[in-house]
Amino acid sequence: MEFKELTNQEAQVTMAQELEKLIDTVPEDHKDEKKREFDGFLQLFGKFVSEPGPSIDWGKIEKLPPHSILSYADLPGHSTKAEIKQMLEQLVVIKLNGALATPIGCSGPTCTIPVRNNLTSLDMTVQQIEHLNSTYGTDVPLVLMNSFLSDEDTMKIIRKYSGFKVRIKTFNQSCFPRINKESLMPIARSCNPDDNVDAWYPPGHGDFYQAFARSGLLDAFVKEGRKFCFISNTDNLGATVDLNILKTCLSGKEEFIMEVTEKTRADVKGGTLIHYQGKLRLLEVAQVPKDQLEDFMSVKKFNVFNTNNLWISMPAIQRIIKKDLLDMEIIVNPLTLEQGTNVYQLVTAIGAAMKCFDNAVGLNVPRSRFLPVKKTSDLLLVMSNLYTLNHGALIMSPKRMFP
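Residues numbered from 1 in each chain as written. Predicted model: local features only at pLDDT ≥ 70, side-chain atom pairs only at ≥ 80, totals over all residues. Heavy atoms only, no water.

How would you summarise empty space enclosed by the protein if you had to cite specific residues and measurements?
The final tally for this structure, using the stated rule, is two cavities of 30 Å³ or more. Taken as a whole, the largest cavity encloses approximately 60 Å³ of empty space. Lys95, Ser121, Met124, Thr125, Gln128, Thr234, Asn236, Leu237, Ala239 and Thr240 together form the lining of the largest cavity. Take the lining of the largest cavity: its biggest share by element is four residues, from helix H4 (residues 121-136). Its residues assigned to classes, the lining of the largest cavity comprises three nonpolar, six polar and one charged. Taken together, Ile104, Thr110, Ile113, Val115, Ser121, Thr234, Asp235, Leu237 and Val373 form the lining of the second largest cavity. (1 Å grid on protein atoms, 1.4 Å probe; cavity = no way out; pocket = protein on both sides within 12 Å on 5 of 7 lines; lining within 4 Å. Points joined across faces, edges and corners; volume = space filled by probe spheres on them. Helix = DSSP H or I, 4+ residues; strand = E, 2+ residues; numbered from the N terminus. Nonpolar A, V, L, I, M, F, W, Y, C, P; charged D, E, K, R; others polar.)

In structure tokens:
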């Protein structure tokens with residue numbers, strides 16, 4: 001056995017031992033749950049120590065085949081009210097709600113920041129779904145994936161929706177230990193994040209699949225007869241339920257549809273779609289070799305980017321979890337904590353799993369479906385008279401030059 005392989009194995013064995021020590025600090029009734037969570041972390045860590053370097057061989061990227069990205073303009077159109085009701089009864093709306101609003105200078109979860117008419121993005125989502133449920137006599141559930149950072153504040157806020165015609169469910173994504181860059185061991189000494197919040201992190205939205213399955217909600221919704229979930233970031237105010245896309249999901253063979261939109265010079269770092277080793281997959285900037293960054297950021301070569309609006313078959317998620325087929329590239333985020341400790345965070349992106357699904361495609365949608373609030377300038381834009389509010393959805397003024 002080679003020296004490198006031996007040291008990788010040693011690192012994994014030592015990490016497993018350190019995680020066992022952390023599990024000993026967990027209350028007895030939560031130990032099994034934490035073990036399952038740490039199994040996911042150990043898989044990530046194993047990949048991290050055994051697969052260093054870029055996960056893409058740039059020379060092996062293939063040209064996108066025809067029909068790998070559908071056109072929004074070609075989607076099936078009009079449906080009757082009865083058809084729409086039937087479609088909505090097969091849908092679950094999921095918001096990725098783990099982030100804090102620190103990039104725009106606010107504290108608390110992103111979903112709690114007023115963005116328009118004193119309404120938060122969560123208020124607007126609840127209004128949208130209540131309007132669908134009332135108009136079509138349905139019960140589309142809203143599910144929030146929280147993190148340990150956003151859960152407490154979010155749970156306080158959703159109490160105010162108890163009188164609304166919206167069924168709200170929540171589950172928490174995993175809480176993983178940050179790794180000391182030098183020792184490659186956790187810096188945490190107990191499993192309670194309150195003891196040292198800097199020692200822990202939510203491992204990106206790629207954790208969705210395992211966390212959703214662990215919560216029991218995936219099985220429950222499939223048992224109800226629901227087939228697709230529409231997933232988006234809670235701060236994307238353009239991510240509303242689109243009936244034409246839903247119709248496409250339910251009438252076709254695609255298990256995974258990723259909404260993409262035309263790339264501008266402001267979006268050059270956004271993930272894009274590539275064909276690689278016979279599969280359509282997401283390529284994130286963190287996976288790109290440094291000498292190919294200019295190529296990746298080219299608006300001509302890679303002309304669309306991922307909005308992170310995803311339509312995914314829930315029975316397909318069940319199959320992939322059950323057969324252990326989930327495979328996502330790791331994104332390694334190096335950080336320096338306030339006290340000067342250098343650490344790694346190992347995260348995954350939810351779109352990176354598209355290669356695990358059958359007949360995955362991109363869908364080129366209008367730019368209006370991508371309206372994130374990540375900076376103060378974004379906030380000013382959605383507060384402006386460029387938009388009007390209609391049942392919780394922002395409608396762009398027809399006077400605007402670019403739709």
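Let us keep going from here.
Go over unusual backbone geometry with me, naming the residues and quoting the values.
Within the chain, Asn118 stands out as a residue other than glycine whose phi angle is a positive 65 degrees. With phi around 60 degrees, Leu184 is a residue other than glycine that occupies positive phi space. With respect to the element layout, Leu184 can be found in the loop between strand E9 (179-180) and strand E10 (200-201). Residue Leu184 is classed as partly exposed on the basis of its relative accessible area of 22%. (Buried < 20%, exposed > 50% of the residue type's maximum accessible area, 1.4 Å probe, protein only.)

Report on the packing of aromatic side chains, specifying residues and quantitative values.
Given two aromatic rings, their pairing is described by the distance between the two centres and the angle made by the two planes. Enumeration over the complete set of coordinates arrives at 18 aromatic pairs. Relative to Tyr344, the ring of Phe48 lies with its centre 5.4 Å away and its plane at 65 degrees, an arrangement referred to as edge-to-face. Taken together, the positions of Phe48 in helix H2 (residues 31-50) and Tyr344 in strand E17 (residues 342-347) put the pair 296 residues apart, joining distant regions of the chain. Overall, the relative accessible area of 16% leaves Tyr344 in the buried class. Residues Phe212 and Phe221 carry aromatic rings whose centres are separated by 6.5 Å and whose planes lie at 35 degrees to one another, so their mutual orientation is tilted. The same class applies to Phe212 as to Phe221, namely buried. Here the aromatic cluster, defined as three or more aromatic residues joined through ring pairs, consists of Phe171, Phe208, Tyr209, Phe212, Phe221, Phe256 and Phe357. Above the face of the Phe296 ring, Lys263 is positioned so that its terminal group lies 5.2 Å from the ring centre. (Phe/Tyr/Trp six-rings, centres within 6.5 Å; stacked < 30°, edge-to-face > 60°. Lys NZ or Arg CZ within 6 Å of the ring centre and 35° of its normal.)

How would you sum up the sheet that holds strand E16 (residues 331-336)? Please name residues and give values.
Strand order in the open sheet formed by three strands is E9-E17-E16, with antiparallel pairing between adjacent strands. The open sheet is flanked by E9 and E16, the only strands paired with a single partner. Where E9 and E17 come together, two bridges link them in antiparallel fashion. The residue of E17 that forms the bridge with Ile179 is Tyr344. Against the sheet, H2 contacts E9, E16 and E17, and its axis sits at roughly 110 degrees relative to E17. (Pairing = 2+ DSSP bridges. Contact = heavy atoms within 4.5 Å. Axes fitted to C-alpha atoms, helices over the stretch in contact; angles between N-to-C directions.)

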